[in-house]
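Below are the chains, spelled out letter by letter.
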Amino acid sequence: MSTIFTRSSLIAAVALACAALTPAVSQAAAGDIVVRARALYLEPSNGSDAIPSLDVPEDAIHVNSKYIWEVDASYFVTDNVALELIATSPQKHTVSIGDTKLGTVRHLPPTLTVQYHFAPTNPVVRPYIGAGLNYTRFSAVKLAVPEVAELELEKNSWGPAWQIGADFPITDRLSLNIDFKKIDIRSDVKIKGTDTVVTRVKIDPVVFGIGLGYRF
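As the structure is a prediction and not an experimental result, all values here were calculated from the model.

Cut-offs and rules
Residues numbered from 1 in each chain as written. Predicted model: local features only at pLDDT ≥ 70, side-chain atom pairs only at ≥ 80, totals over all residues. Heavy atoms only, no water. Core = buried A, V, L, I, M, F, W, Y, C linked by side-chain atoms within 4.5 Å. Buried < 20%, exposed > 50% of the residue type's maximum accessible area, 1.4 Å probe, protein only. Helix = DSSP H or I, 4+ residues; strand = E, 2+ residues; numbered from the N terminus. Contact = heavy atoms within 4.5 Å. Pairing = 2+ DSSP bridges.

## Brief notes about the nonpolar core
- The biggest cluster of nonpolar side chains holds 23 residues, and the ones touching the most others in it are Val95, Phe138, Leu143 and Leu153.
- Of all the elements in the fold, those that place two or more residues in this core are β1 (33-43), β3 (61-63), β7 (100-108), β9 (126-145) and β10 (149-153).
- Among the elements that line this core, the one with the most residues is β9, at 3 residues.
- Setting aside residues up to four positions removed in sequence, Val95 forms contacts with Ile61, His62, Val63, Thr100, Lys101, Leu102, Gly103, Val105 and Leu143.

What follows is the structure in structure tokens.
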């Protein structure tokens with residue numbers, strides 16, 4: 001009996017020691033702010049209207065894919081509901097029709113989403129979904145159809161955004177984050193200096209992000 005008691009005491013002591021050495025992983029609660037830094041891969045859907053006068057078929061205008069960085073901040077309104085503001089610097093993209101380069105454009109796409117976190121106390125994975133609004137500002141537009149005309153974009157785009165992701169706690173405050181977003185970004189393409197709309201482009205990117213988050 002004493003041997004069993006001794007072994008039980010030893011097991012209990014080891015368990016307590018391991019618990020003491022293991023960092024506590026707590027949840028993000030109402031009033032907390034989580035700041036994340038992510039590396040993103042942006043893949044445009046590349047939809048566009050046909051341009052019959054130039055024999056350009058539907059969905060022929062392409063914006064290049066690229067890797068970009070992003071910083072976001074989430075404010076937890078409740079333990080489950082958070083507001084996330086996503087920001088980055090203006091990003092430069094190349095616009096082409098087939099092998100013909102039309103030029104370049106920059107866009108700044110801040111996005112605000114409302115997230116629902118399903119398992120804010122789970123010590124392993126904390127999934128969430130979100131939906132919100134994107135505003136994109138186009139600038140530094142340098143586009144032209146060779147030997148035809150210079151082009152410009154409607155400068156402002158408003159559209160919905162959707163996301164799904166998960167946080168994987170590392171310590172009490174640090175977590176690994178994986179995030180997918182689908183964002184509607186669209187603009188009319190006009191002949192420069194006129195109101196003549198040549199086509200409408202639907203960039204509508206899918207964005208995959210991975211990064212680290214820190215809870216304040």
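Once the structure has been displayed, the description carries forward.
## A look at the pairing of strand β12 (residues 174-183)
- Alternating residues of β12 divide into Ser175, Asn177, Asp179, Lys181 and Ile183, all buried, and Leu174, Leu176, Ile178, Phe180 and Lys182, none buried.
- Of the strand pairs in this sheet, strand β11 (residues 156-169) and β12 are connected by 9 bridges, and their pairing is antiparallel. Bridge assignment links Ala161 to a residue of β12, and that residue is Ile183.
- Connecting the antiparallel pair β11 and β12 is a turn made up of 4 residues.
- Relative to strand β15 (residues 206-215), β12 is paired through 9 bridges, and the arrangement is antiparallel. Following the sheet pairing, Lys182 is matched in β15 by Val206.

## Remarks on unusual backbone geometry
- The backbone of Asp59 shows a phi angle near 60 degrees, a positive value even though the residue is not glycine.
- Tracing the backbone shows Asp59 in the loop between β2 (47-48) and β3.
- The phi dihedral of Asp204 falls on the positive side, at around 35 degrees, and the residue is not glycine.
- In this fold, Asp204 is placed in the loop between β14 (197-202) and β15.
- Under the relative-accessibility criterion, Asp204 is labelled buried at 5%.

## Observations concerning the side chain of Asp188
- For Asp188, the position within the fold is in strand β13 (residues 186-191).
- Excluding residues within four positions of it along the chain, Asp188 makes contact with Glu152, Leu153, Glu154, Val197, Thr199 and Arg200.

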